[in-house]
Amino acid sequence: MLVFCGSRAGEDPAYARAAASLGREIAARGLRVVFGGGRVGLMGEVADAALAAGGEVVGVIPQHLEDREVAHESLTGLEVVGSMHERKARMYELADAVVVLPGGFGTLDELFETLTWNQLGLHRVPVGLLDVAGYWAPLVQVLDASVTAGFVDAANRDAVITRSEVGDLLDSLLDGLLGGRD
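Residues numbered from 1 in each chain as written. Predicted model: local features only at pLDDT ≥ 70, side-chain atom pairs only at ≥ 80, totals over all residues. Heavy atoms only, no water.

1. Concerning the pairing of strand β3 (residues 56-62)
Quick reminder of the rule: Here the term buried applies to any residue with accessible area under 20% of the maximum for its type, exposed to any over 50%, and partly exposed to those in between, with areas from a 1.4 Å probe on protein chains only. To qualify as a helix, a DSSP run of H or I must reach at least 4 residues; to qualify as a strand, a run of E must reach at least 2; elements of each kind are numbered from the N terminus. Strand pairing is assigned whenever DSSP detects at least two bridges linking the two strands. By the criterion used throughout, a crossover qualifies as right-handed when its path from the first strand across the helix to the second strand runs clockwise, the strands pointing away from the viewer.
Burial analysis of β3 places six of its seven residues in the buried class, the great majority of the element. When strand β2 (residues 32-35) meets β3, the two strands line up parallel, connected through four bridges. Following the sheet pairing, Val33 is matched in β3 by Val57. Each parallel crossover has a hand, and for β2 linked through helix α2 (residues 41-52) to β3 it is right-handed. Looking at chain direction, β3 and strand β4 (residues 77-81) are connected through five bridges and run parallel. Looking at the pairing, Gly59 lines up with Leu78 of β4.

2. Quick look at the packing of aromatic side chains
What counts is decided by this rule: Only centres within 6.5 Å qualify two rings of Phe, Tyr or Trp (six-membered ring in Trp) as a pair; their planes then separate them into stacked at under 30 degrees, edge-to-face at over 60, and tilted for everything else.
What the rule picks out here adds up to four aromatic pairs. Ring centres of Phe4 and Tyr92 lie 6.3 Å apart, and the angle between their planes is 90 degrees; on these two criteria the pair is classed as edge-to-face. Of this pair, Phe4 sits in strand β1 (residues 2-4) while Tyr92 sits in helix α4 (residues 84-94), and the two are 88 residues apart along the sequence. Owing to a relative accessible area of 8%, Tyr92 belongs among the buried residues under this scheme. Residues Tyr15 and Tyr135 carry aromatic rings whose centres are separated by 5.8 Å and whose planes lie at 80 degrees to one another, so their mutual orientation is edge-to-face. Note that Tyr15 is positioned in helix α1 (residues 13-28) and Tyr135 in the loop between β6 (127-130) and α6 (137-148), a separation of 120 residues in sequence. One aromatic cluster in this structure is built from Phe4, Tyr92 and Trp117.

By themselves, these are just geometric observations and shouldn't be taken as functional.
Pasting the structure below:
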């Protein structure tokens, strides 16, 4: 399960609680966490919780971030790559589904590249937004407006699953995997 999320914890403690809950639940289901490899912010929360629950956690981090000492050193596996582009490409190779927690520009970039690659058929993975404390509600409105305005096909918009509960989101993503994937 590929997790995109903030390298910061955010202002609302609900974000960190949700990240930890996600890590624990992925581990409890016997799934592997794939993430950006950092020990900071929500990334660290997800990884630490999954590891504490006995889960497998693989990080993919570019060299320049490892050099800044933000790499998580207690992972099941850590892959160091040359660039942010290589990081995303490698994470996609390891992904069966994507969960997106709150985050900033990097998280948004990862989300939209995933959606674009799905739309273009470069890969097909279920994508889920974990809507913690209504964080994703404004973005969901923009996605809906993009359909109404004729810039996004409804089928591509409908492929983005939004749930506020970790278990519900993982169930929906796993149903998408079992429903057939290219």
